[in-house]
Structures are given as C-alpha cells and as structure tokens.
Amino acid sequence: MRNVAEIRQSYREGREALHARFANPRLASPLLHEMTAFSDAILDEIWRNHAFPDDILLIAVGGYGRREQYPFSDTDLLILLPDHISSEQLENVSAFVGVLWDIGMDVGHSVRSLADCLQEASQDITVQTTLIETRRLQGDPLRFAQFREAVHSRIDPKVFFEAKLLEQKARYDKYQNAPYKLEPNIKEAPGGLRDLQLIGWVAAGLGLGKNWRALAPLGLMTHEEHRKLRRAERVLRCFRIQLHWRANRHEDRILFDYQHLLAEDFGFTSSGQGALALRASEALMAEYYLAARVVSQLTPLLLQALKLRIYSQINTPITEINERFQLRGNLLEITSPDVFERTPSAILEVFLLCQRLREVSDIDPATLRALWNARSLIDESFRDTPQNRQLFIDIFRESEGLTHALRRMNQYGVLGRFIPEFGQIVGRMQHDLFHVYTVDEHTLMVLRNLRRFAQQAYTHEYPLCSRLITECDHTEALYLAALFHDIGKGRGGDHSLLGAEIARTWCLKQPLPDEDRELIPWLVQHHLTMSHFAQKEDVYDPDTVARFAELVGNQRRLRALYLLTVADIRGTSPKVWNAWKAKLLEDLFRATSRLLTSQNITLDSWMEERQVEAKRLLQLYGFRPDAHDAFWQDLDTVYFLRHDAREIAWHTRNLFSRFNTQLPVVRARLSESGEGLQVMVYAPDQPDLFARICAFFERAGYSIFDAKVHTTRRGYALDSFYIYIAGQHDGSYRDLISYVEYELTHRISERAALPPPHKGRISRQLKHFPVEPNVAIRPDERSGKFYVLSVLAGDRPGLLSTIARVLSANAIDIESAKIMTLGERAEDTFLISGRVLEDEKAVMQLETDLLQALRD
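Residues numbered from 1 in each chain as written. Predicted model: local features only at pLDDT ≥ 70, side-chain atom pairs only at ≥ 80, totals over all residues. Heavy atoms only, no water.

J.: How would you summarise the overall build of the protein chain if you had to cite specific residues and measurements?
T.: Helix and strand counts for the protein chain stand at 38 helices and 17 strands. The dimensions of the protein chain, computed from C-alpha atoms along their principal axes, are 95 × 75 × 55 Å. The buried share among the 856 residues of the protein chain stands at 57%. Taking the intrachain contacts of the protein chain between residues at least 6 apart in sequence as the baseline, contacts between residues at least 24 apart amount to 70%. Distance from the positive charge centre (105 side chains) to the negative charge centre (115 side chains) of the protein chain: 2 Å. (Helix = DSSP H or I, 4+ residues; strand = E, 2+ residues; numbered from the N terminus. Buried < 20%, exposed > 50% of the residue type's maximum accessible area, 1.4 Å probe, protein only. Contact = heavy atoms within 4.5 Å. Lys, Arg positive; Asp, Glu negative; His and termini not counted. Charge placed at Lys NZ, Arg CZ, Asp CG, Glu CD.)

J.: Provide a residue-level description of helix α12 (residues 280-310), including the pertinent values.
T.: Here α12 spans 45 Å end to end across 31 residues, near enough to the 45 Å set by a 1.5 Å rise per residue. Largest kink in α12: about 25°, centred on L298, with the proline P300 one to four residues after it. Burial analysis of α12 places 26 of its 31 residues in the buried class, the great majority of the element. (Expected span 1.5 Å × (residues − 1). Bend = angle between axes of the 7 residues up to and from the residue.)

J.: For helix α30 (residues 603-620), give the residues involved together with the corresponding values.
T.: Under the 1.5 Å per step criterion, the end-to-end length of α30 is 26 Å for 18 residues, consistent within 8% with the ideal 26 Å. Every buried residue of α30 is accounted for by W606, M607, R610, Q611, A614, L617 and L618. Take α30 and look down its axis: the buried residues cluster within an arc of 130°, on one side only. α30 presents D604 and L620 as exposed residues on the side facing more than 90 degrees away from its buried surface. The secondary structure elements touched by the buried residues of α30 are α27 (542-552), α29 (579-597), α31 (629-632), α32 (637-642) and α33 (645-655). (Arc of directions from axis to C-beta.)

J.: Would you mind going over the pairing of strand β11 (residues 703-711) in detail, with residue names and values included?
T.: When you tally the buried positions in β11, you get 7 out of 9 residues, the bulk of the element. Both β11 and strand β12 (residues 716-724) contribute to a ladder of 8 bridges, which runs antiparallel. For S703, the partnering residue across the bridge sits in β12 and is Y724. Counting the residues between successive antiparallel strands, the hairpin from β11 to β12 contains 4 residues, one of them, G715, with a positive phi of roughly 85°. As judged from the 3 bridges shared by β11 and strand β15 (residues 813-818), these two strands associate in the antiparallel manner. Across the sheet, residue K708 finds its bridge partner in β15, namely S816. (Pairing = 2+ DSSP bridges.)

J.: I'd like to hear about the pattern of salt bridges, residue by residue, with values.
T.: In this structure the tally under the stated criterion is 51 salt bridges. A salt bridge links R66 to E133; the shortest N-O distance between them is 2.8 Å. Of this pair, R66 sits in the loop between α3 (62-65) and β2 (75-81) while E133 sits in the loop between α6 (125-132) and β4 (135-138), placing them 67 residues apart in sequence. Here E133 falls in the buried class, since its relative accessible area comes to 11%. The shortest N-O distance in the salt bridge between R747 and E743 comes to 3.8 Å. Remark: E743 and R747 occur in helix α35 (residues 733-750); sequence separation between them is 4 residues, near one turn of the helix. Among the residues examined, R747 registers a relative accessible area of 31% and is labelled partly exposed. What emerges from the salt-bridge pattern is a single network uniting R66, E68, E133, R213, E233 and R237. (Salt bridge = Lys/Arg side-chain N within 4 Å of Asp/Glu carboxyl O.)

J.: Can you tell me about the environment of V235, naming the residues and giving the values?
T.: Position of V235 among the secondary structure elements: in helix α10 (residues 223-247). V235 sits in the buried class, given a relative accessible area of 7%. Residues V235 and A291, spaced 56 residues apart in sequence, show a C-alpha to C-alpha distance of 6.7 Å. Apart from the residues within four sequence positions on either side, V235 is in contact with E287 and A291.

J.: Requested: an account of the nonpolar core, with residues and values cited.
T.: Among soluble globular proteins, nonpolar side chains are generally buried collectively. Within the largest apolar cluster, 191 residues are counted, with the highest numbers of intra-cluster contacts made by F96 and F392. Not counting residues within four places of it along the chain, the set of residues in contact with F392 comprises L348, M409, L415, F418, I419, L480, L483 and W506. Counting residues in hydrophobic clusters, the runner-up holds 53 residues, among them L689, Y733, L744 and L799. (Core = buried A, V, L, I, M, F, W, Y, C linked by side-chain atoms within 4.5 Å.)

J.: Account for empty space enclosed by the protein, with residues named and values stated.
T.: Enumeration over the complete set of coordinates arrives at 2 cavities of 30 Å³ or more. Of the pockets and cavities examined, the largest cavity occupies roughly 50 Å³. In terms of lining, the largest cavity is formed by C472, D473, H474, T475, L478, L519, R556 and A560. For the lining of the largest cavity, the elements supplying multiple residues, two or more each, are α23 (475-484) and α28 (555-570). Tallied by class, residues from the lining of the largest cavity come to 4 nonpolar, 2 polar and 2 charged. One number sums up the size of the second largest cavity: a volume of about 30 Å³. Forming the walls of the second largest cavity are K615, L618, Q619, F623, R624, P625 and H628. (1 Å grid on protein atoms, 1.4 Å probe; cavity = no way out; pocket = protein on both sides within 12 Å on 5 of 7 lines; lining within 4 Å. Points joined across faces, edges and corners; volume = space filled by probe spheres on them. Nonpolar A, V, L, I, M, F, W, Y, C, P; charged D, E, K, R; others polar.)

J.: Give me the lowdown on the layout of surface pockets, citing residues and values where you can.
T.: Its boundaries defined by the atoms lining it, the largest pocket holds a volume of some 1600 Å³. Forming the walls of the largest pocket are 44 residues, and the residues nearest its centre are Y172, N177, H404, R407 and R408. Those elements that place two or more of their residues in the lining of the largest pocket are α8 (157-174), α12, α14 (346-356), β8 (362-363), α18 (402-411) and α21 (439-453). A class-by-class count of the residues in the lining of the largest pocket yields 17 nonpolar, 15 polar and 12 charged.

J.: Tell me about unusual backbone geometry, and please be specific about residues and values.
T.: With a phi close to 50°, A51 is a non-glycine residue in the positive phi region. Looking at where A51 falls in the secondary structure, it is placed in the loop between α2 (31-49) and β1 (57-60). Even without glycine at this site, N177 takes up a positive phi of about 55°. According to the relative accessible area criterion, N177 is partly exposed, its value standing at 35%.

J.: Could you give an account of the sheet that holds β1, with specific residues and numbers?
T.: With respect to topology, 4 strands assemble into an open sheet ordered β3-β2-β1-β4, the strand pairing being mixed. The sheet terminates laterally at β3 (107-113) and β4, the two strands that pair on one side only. Averaged over all pairs of adjacent strands, the angle between their axes in this sheet comes to 30°, without regard to strand direction. Of the pairings in the sheet, the one linking β1 to β4 comprises 3 bridges and is antiparallel in character. Directly across from A60, in β4, lies its bridge partner R135. Contacting β1, β2 and β4, α2 crosses the sheet at an angle of about 40° to β4. Across the face of the sheet, helix α5 (residues 114-123) comes into contact with β2 and β3 while running at roughly 110° to β3. (Axes fitted to C-alpha atoms, helices over the stretch in contact; angles between N-to-C directions.)

J.: Describe the packing of α23 against α28, with residues and values.
T.: Interhelical geometry of α23 versus α28 gives an angle of 45° and a closest axis separation of 11 Å. Taken together, the axis directions place α23 and α28 in an arrangement best described as oblique. The element α23 and its partner α28 pack so that their crossing is right-handed. Between α23 and α28, the residues in contact are A477, L478 and A482 and R556, A560, L563 and L564, respectively. Residues belonging to the contact of α23 with α28 are distributed by class as follows: 6 nonpolar, no polar and 1 charged. (Parallel < 35°, antiparallel > 145°, perpendicular 65-115°, else oblique. Left-handed = near helix turned anticlockwise from the far one by under 90°.)

J.: Go over the side chain of R293 with me, naming the residues and quoting the values.
T.: Along the polypeptide, R293 turns up in helix α12. Buried and unpaired, R293 has D440 as its nearest opposite-charge partner, separated by 6.1 Å. Within the structure, R293 has its side chain in polar contact with the backbone oxygen of Q411 (distance 3.5 Å). Excluding residues within four positions of it along the chain, R293 makes contact with Y180, N410, Q411, Y412, G413 and V426. (Polar contact = N/O pair within 3.5 Å; in protein donor to acceptor, adjacent residues only side chain to side chain.)

Read these as geometric descriptors, not functional statements.
Take a look at the structure:
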C-alpha cells in the first residue's frame, strides 16, 4: 500500500504525462475521458486504503460524473452514507477527503444520506441537476441503482424544464445575452459549453439519454445539425482544455492575457497589413465565435423540440394566419416544409409576424430549422425585390420586438445576408481598449439601448432620452442609423465616412422618405461628433455650442444624434458610461437646442444671462444684491463664458469675502451629476500648482474627469476639478469632502517638493494591447493666443501629473484641461500658453519631452 507522498507524486506525474500525451491542442478532446479515468484510478486506490464498507458509496457527480474532467476542474464527489453510521466511519470519511487534498486534488464534495439528497434536491434545482449525472465509483451497485431510481422518480419533467430555462435566462442576463464578447467565458456565456450541458440535462430529466447526442437517433435533430454541433463542441472543449493548461488553474474566461498564447498553440498566424491586418489572436477568436454561433443557433431549436416532447401537442388548436404560416397553440410554424423555397420573402415575414402577433411565444423547431437551411436563398435578386425591402423596413417600424427580431436574424445568418456589409462585421474584434463586444454585438447593444428609451418600463433610467424619442418622427431612421453606425469598421480608413457611404447607397434603394435617406447616412458619419464635442471641448463655451449647432443644423438631427450618442457610449462597455459624461452630453444638447430655437443669442447676452442667474441663486442663500461685486471685478469675460451659473454662484459664495487671502481655499461638494466630487481650488498662483493637485488626486486613487483652470486679474488660480472615487456612494461623501478639503489645502500650503510620479500597475488590457503615445501641439485658431495640446496614451496612474510636470518644467501655463478616458485609453486635451510655444523648435522639443515621459 503506497503512502500519501507516493500517491501525490504519482498523481502529479500522471497529470504531466497526460498533458504531454495530448500536447496537440486540436486533438485534446479525448483528454477529458483519460483525465477522468486517471482520477478514477487514484480515488479507487485511496478508497480501498480506507477500507470502507459496501453501504458507503463513492459517486462521481457533475462534469466528473459525465466523464468530462478538464485539467483544473474540481473533482466533484458525493459520498452517500447509510441512514445509520458510526462516528468512526464518519472520521474515516473525513480522513479520506483530507488525503485527497493532501495529494493536490481539487475536490468538490458533499457527504449526505439518501434522505438528505432527496431533501436538498427538492429545494434546489442545482442539486437536482447534479444528482442526475452520477456515476458509481465504489460501493454497493444495487444501492447505487436504488439511489438513481429514487432521484429520477422525483423529477417532474415540466417543473425541471421550466426551472432550467429560468436558470439559462439568469445566466444569459449575467452576460448581457451576448455570445460575442471580446473576453468570453467559454463555459457560461451564451453559446458556450453550458448550453450543451443544459440540453443534456433536460434530455436526462426526460429519460431520453445522458447528453445532447442522444437526440439525433430520436429524430430531434438532423444529421447535419449533429455534425455541426459535434464540431462546435470539439472546438469549445479543446479551447477550454488548453486555456486551463495555459492559465495553470481553473480559468474559463478567454482573457486577453491568453489569447495570443492560445493562438500560437493552435497554429494561428497574423496576416494582412495596416488597417486590414488580422492578428493571430483575432483568427483564434473567429473560430471560437463560429463555434459559439452554431451552439447558440441550435440550442433554442433543440430546447423547443424537447419542450414539444414534454407538453403534448395533441388537440392543440391550429389558427391559420395566411397561406404560409399558422399558429399551433402559441408557436408560429410554416404550413408546409417548402414554404421558404416557394416564397423566399417568407424568410423576413416570419420575423415580422413574431413582432405583430402578441400571441406568438416562439417559433416552431421545424420552422427554425427550415429558416436556417433557407438562408442561402437571400441573394442579390432577393435583396432587390421591392417586397423584401418593404418587409425589412416594416420590421424596423414595429413598436415591439425589434431587438429580439434582429438578434434572431443575426443568429441565423439572415441579417448578414440581407446586408452583406453587416455580414463582414459579424464576429469582428475591436482592440480599442473600451469596447467589450465584437462589432455586430455592440451594434445590437446600441439598438437595444435605443429601444429601451422608447419603452415605458425604462423611462426612469434616462427621462430626457425617453421624452425625446417620443418626439422623433420616423424612429425607424434612428434604428437604421444605429444598425449602420459601425458597419465601416475593418475596411481601412475612417469607418464613419465609409459607413456613411454604405448607408447612403443602401438607403437609396429602400422604400424610405427622402428626409430619412438624408438623415441616416448623416448620423452614421457624425455618430462620434457629439461625443467629441462633449468630452474634448468646453460645452459651456458659447463658441463651442455655436460651432456644434452650425454642424447639426436643426432640431431633428440634434435629437437623433443625442439619442444615438448616448446609446452608443452605453453599448461599448459598462465602464465607459458614467454620470459625468451623461451630464456633459445633456448640457450640450440643451444649450444647442436653445441656440437652434433662438438665433439672436450673442456672447454678451449669454454672459449676462449667466450672471443674472448666478445673482438669483446667491439671493436664495441670503446674499445682498451687491455682495458679489468686489469678487466679480477680479474675473474676466472668459471666466463667465466657461463656467455655468451654478458654478459661478458656488465660487462666489465661498470666495466673496476672502478673494484677497494668502491661504489656499479648497472646497468640495457632491457633483451635480450625482457621481463624484466637484473640487474648487483658489490660491495665489504658484509653479507646479496644477501638477501638485493632480498628484494628490492620483495618489488618493481618484480619477479626474475634467479640469478648468483660470487665473484672476489679481494673479490667483481659480481651478475646478471633477473627480470620481470608485466604490463610493452618497452616504460616505461627507467624510471624503472633509478629507479632500483638509489634505489638499495642506499640500498646497506647504509647497514641498513634488513627490515622485505615482507608478501604479497598468491594466492587463493595456499590457497586451499597448497604446503608442501621441502628442500634438497646434495654435488655437479660435482664441488666437493659446495653443491646443492633444495627448493620446494608455490610461495609467500618474498620467495627468506626468504631463503637468513636463509642462511646468517648460514654463507652460494650463488654461483648461479636458480629460477623456475611454476604457483603458486616455485622450486628453489641454489649452496652454507660454513664451516657449512661439518657438517652433522649442515646440518640437516639448512634444519629444512629453512622449519620453509618457513612455517611461
């Protein structure tokens, strides 16, 4: 009998041998059974060493029970106890489990009696599912058979099926119903291995077999579907196996950290050049997306087929819709197998009927299968047929079901065939450090966001958007613009211009009003413009608003562009959208709308209105009508044009009686956006002040969203910062405000040497997809006296203070700073001044110094 140390060494060497034996990752699928058999042998030896009686059973459950053990998955075990057991045997069970941990086996175990199992299974669908896929390892075979019979006899197929569907819905919601994320979970995401396991569980619950493969002999899937699904499963299995080996742990997310390594393992190489280049990792992910797509296509078809087995269709009423379609109960089905061949337009009609008929709950499996097989009928002739063009536009004009229809159309290849350019962005990755979806998945997320604006249940989320979309004429034009907004990606060049041309050509052929044919390509061309104005320019500057209003031209364009911009940013990644960006966009929208409505607004009238409103706000706080006079005499026109009335009133309240102070004044308040703080700093101007403030915020872990820098006539710095503190909520901001006011005042007052730049860890996305820094300095054509510094770099701790240090060292003054962070990419814009900027060679040297600092 071997001791624990010997078994541990044997277990380690055995795993290494299996790894070496299946070194080719494309041929690694059999490893799952071999790994299972190897674990069986180790467990058998240890179990026998403990001399358990026959009435204690060792049972494999879960993936291990299915003989699908991945390299670093848990070894799931159930130790089934008799109704009565001695304390010595319980101690023996504990010792057995302890040995498993000692040899390095990751064990997920439960120790229960039969009554315990049945009780737990009746309360928890997960436990019931686990007990379905069991395999006896040790113990009395007859008792194991009785155990299985007891478990299966208590399964209600209808209850079990509905519970598994709810479980699937919750899982899909967790992953935003998106099978095409850039870092997908190969096990849990839609289209992943869990979907195949789900089909197997339902089949087992019905007593039809142990896995999805059992459905083919029963006629529930065709030979071709079986072949495609087996290949997809093999791809997913091999990817997951190699992912475990590469991560050297249980890891099911295909993170950027592993994508390049996996691509090398599977023999993918990079191809193409420039904008048309295809990375090896992108080729790897394209194969994953193809496999996930097959699984996501066939999963609903097979689940519907199983549902028909559970719910008898005998005496189900049939309602005729037209000569092509009928309702069987609440399932939409074709009237004959050759409907799509005889009438190809029915391919689009089926989606339109699902939208229009409230009684339709789903599409019949045979109809889904026929639809999938008929997608090749969508050719140039199909696309040119007026009836088909009208059907497609009608889908966008329906008040319900558009998002679901488009997801289905994309899922079954209909959307990419009707608009071939869309087919070219399906599964296309975006390594821009802020998108988390492929291009097509992002597009559908944007459409979903727009549709939510129009739904009563979501009006509380974005009240302004919900109001504006009800004022939109022909909302289908907005939805079509969303469909086309990124269609130019992957073609080389400006995707907005390329996409606009694709949209313009397509719209001319469709049954659309002329004004929609003009609006759709305009929106595609300018879908990034409003975001650029809001995040890179001062939206409170009347000149900025005037230039944006001139570009937009009318209220219809403005409304549509605002809605598309909000939906687009929200559809990139949960990390990109925040309340500050929402406020900037809304303020720009309102100011532009006002200017388009009233054309007689001048800079003087704009400034006067802000001053009048600021005075009104001050009087609400009990200030005398002239309390502001002395302080405001220190402020120039630029100040009043760059700050809104609420900011002006806040500054005045805090500074009207201390504008001659020699001590710094730092005040903070909760941002009006409801997220983060607005911080005001007023102090005699000093070198390195901006860098000192930035360094303080960065070391405290606060992100700077925006900064306005102003110097009064007396030479005082009056700076405003909007900062975000991750993980904070309203209840804890009071302490943060006190901390910021006290500590920042102290740092400014002591005028100590600047601390060394804060070097934090860069994100793993930036590590694998670095951003080459870019710096450009150009004259500000609008002011004639300032310069614009544009910086593009990977976002990292200390970035802003690093830039500020270089500028300070060159005697450069910062007039304003617009901080735009898109995921892991920073695109910052500064308005700067200084004598050195008048020398062309000095400007070139400054750009070089900044680039060097950003690369260090």
